[in-house]
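# Notes for the structure review
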Amino acid sequence: MASVTYDHVTKRFGDVIAVNDLSIEVADKEFLVFVGPSGCGKTTSLRLLAGLEEISDGNIYIGDRLVNDVAPKDRDIAMVFQSYALYPHMSVYDNMAFGLKLRKTPRAEIDRRVKESASILGIEELLDRKPKQLSGGQRQRVALGRAIVREPAVFLLDEPLSNLDAKLRVATRSELSKLHQRLETTFIYVTHDQVEAMTMASRICVMRDGILQQVDTPQALYNTPGNVFVAGFIGSPAMNFFDVTLVGTREEMYLDAGFFKVQIPRHRSQALVDYLGKQVVFGIRPEDVHDPEYAPPNITGAPVKARVDVTELMGNEIFLYLAWGNKSCIARVDPRTSARVGQDIEVLFNMDNMHVFDRDTEMAVR
């Protein structure tokens, strides 16, 4: 088992900086997830650790060992790719055993590891089959098994669930979390899907344009995003944002969007004193926009009038798309709501969970 350290790591492809001065310490046995939109540098960061790309600047350590110039096969890592990359002419057993055979591992040890890994993944009955006889989910398990048999210090997983259907992705997320707990090994995982990141990670690294935006636990990222990008990326549906002006006095402070005006709770206003009279970005999550009839008790609710543009019934909740002219937001409300398309209604913003960001820097104001 091993920790992983990115020490001011940069990767350039010509004039393009794919990873820019990345510094992260991944603890032993941690499940760290890189998340971000396409082209943000998350996969490149993983490939630098695997030795599949050469570092332009900085250092990478696995444990206490500097691995900048260590060949991929000697880094004590195992990688699972988006494509399963199974040998079609080999059985599942031989696919899982192939890497060990190349390393001249004794036959008895190979047999033990393959069967033990197959047992962990529930694919014992598939060992004699060829990849073409397997479903997508079964092939993904075989690819995982091929990594597990190597008993590496670090597992690297590059969007391993993206080829699975929605239902299987949910099931496999749970299996991966259980696998991590059972193996007690460091996992570093790359995905563009923030739901995968939130459900599996010990910590999440949010990337944008090659730059690390924030690294923290899933709940901390959700509750206290460091900037507008993180706030909008973490959470589904995404946070609602409004350009507002901070008005009033130290004692009574308001966020004025023009089409609504809401009071800031006293316990949240002290951090905003320096922004009085200035424009800021106000953020409120859809789950903090309530139908007043079904709002949770003891929240600091600010009433706002809006028109219902679209409704989406999700079963356990309803998404209301609210509109003010060309401005809009999403509310996640109780399915018992009586709100209908075209109605003018009143909703409550839970101001205890409000977010405010500097208009120029887009950094959170706390």
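Going by the structure above, here's the rest.
A brief structural summary.

Thresholds, definitions, all that
- Residues numbered from 1 in each chain as written.
- Predicted model: local features only at pLDDT ≥ 70, side-chain atom pairs only at ≥ 80, totals over all residues.
- Heavy atoms only, no water.
- Helix = DSSP H or I, 4+ residues; strand = E, 2+ residues; numbered from the N terminus.
- Buried < 20%, exposed > 50% of the residue type's maximum accessible area, 1.4 Å probe, protein only.
- Contact = heavy atoms within 4.5 Å.
- Areas by Shrake-Rupley, 256 points an atom, 1.4 Å probe, with all protein chains shown as cover.
- Lys, Arg positive; Asp, Glu negative; His and termini not counted.
- Charge placed at Lys NZ, Arg CZ, Asp CG, Glu CD.
- Pairing = 2+ DSSP bridges.
- Phe/Tyr/Trp six-rings, centres within 6.5 Å; stacked < 30°, edge-to-face > 60°.
- Axes fitted to C-alpha atoms, helices over the stretch in contact; angles between N-to-C directions.
- Parallel < 35°, antiparallel > 145°, perpendicular 65-115°, else oblique.
- Left-handed = near helix turned anticlockwise from the far one by under 90°.
- Nonpolar A, V, L, I, M, F, W, Y, C, P; charged D, E, K, R; others polar.

Within the protein, the regular secondary structure consists of nine helices and 20 strands. Residues counted as buried form 48% of the 366 residues belonging to the protein. Sequence-distant contacts, at least 24 apart, represent 66% of the contacts inside the protein between residues at least 6 apart. Here the protein has roughly 17400 Å² of accessible surface; of this, 47% comes from carbon and sulfur atoms. Across the protein, the mean location of the 43 positive side-chain charges is 6 Å away from that of the 49 negative side-chain charges.

Let's shift gears to the pairing of strand S16 (residues 301-313). As defined by bridge partners, S16 adjoins strand S19 (residues 344-350) across seven bridges and the pair is classed as antiparallel. From the neighbouring strand, Pro303 faces S19, where its bridge partner is Leu348. Sheet topology places S16 next to strand S17 (residues 318-324); six bridges connect them, and they run antiparallel. Within the sheet, the bridge partner assigned to Glu312 lies in S17 and is Phe319. Linking S16 to S17, which pair antiparallel, is a turn of four residues; within it Gly315 sits at a positive phi near 100 degrees.

For the rest of this paragraph, the subject is the packing of aromatic side chains. One pass over the full model with this rule turns up 18 aromatic pairs. With centroids separated by 5.8 Å and ring planes inclined at 80 degrees, the aromatic side chains of Phe242 and Trp324 adopt a geometry described as edge-to-face. Of this pair, Phe242 sits in strand S11 (residues 240-248) while Trp324 sits in strand S17, and the two are 82 residues apart along the sequence. Look at Phe242 and you get buried, because its relative accessible area is 4%. Relative accessible area serves as the criterion here: at 10%, Trp324 is assigned to the buried category. Ring geometry for Phe259 and Trp324: centres 5.2 Å apart, planes at 35 degrees, overall tilted. Of the two residues, Phe259 sits in the loop between strand S12 (253-256) and strand S13 (261-263) while Trp324 sits in strand S17, which places them 65 residues apart along the sequence. Of the aromatic side chains, those joined through ring pairs into one cluster are Phe242, Phe259, Phe260, Phe282, Trp324 and Phe349.

So, about the sheet that holds strand S20 (residues 355-358). Backbone hydrogen bonds hold the strands of a sheet together, and the pairing may be parallel or antiparallel. Reading across from one edge, S13-S12-S11-S14-S20 is the order of the five strands in this open sheet, with antiparallel pairing throughout. Edge positions in the sheet fall to S13 and S20, since each has one partner strand and no second. In this sheet, neighbouring strand axes are inclined to one another by 40 degrees on average, regardless of whether the strands run parallel or antiparallel.

Before going further, it helps to spend a moment on the sheet that holds strand S18 (residues 327-333). Within the open sheet, the five strands sit side by side as S15-S19-S16-S17-S18. Their pairing is antiparallel. Of all strands in the sheet, those bounded by a partner on one side alone are strand S15 (289-290) and S18.

Our focus in this paragraph is the packing of helix H4 (residues 136-148) against helix H5 (residues 166-183). Contact pair H4 / H5: the axes reach a minimum separation of 12 Å and the direction vectors enclose 20 degrees. One way to sum up the angle between H4 and H5 is to call them roughly parallel. Of the two elements, H4 crosses H5, and the hand of that crossing is right-handed. Facing Gly137, Arg141, Leu144 and Ile148 of H4, the residues of H5 in contact are Leu168, Glu175, Leu176, Leu179 and Leu183. Here the contact of H4 with H5 is built from residues that sort into six nonpolar, one polar and two charged.

This next bit is on the pairing of strand S7 (residues 154-158). The buried count for S7 comes to five of five residues, which makes it a mostly enclosed element. Here S7 shows two buried faces, one formed by Val154, Leu156 and Asp158 and the other by Phe155 and Leu157. Judged from the four bridges that link them, strand S6 (residues 77-80) and S7 form a sheet pairing that is parallel. Pairing of Val80 across the sheet is with Leu157, part of S7.

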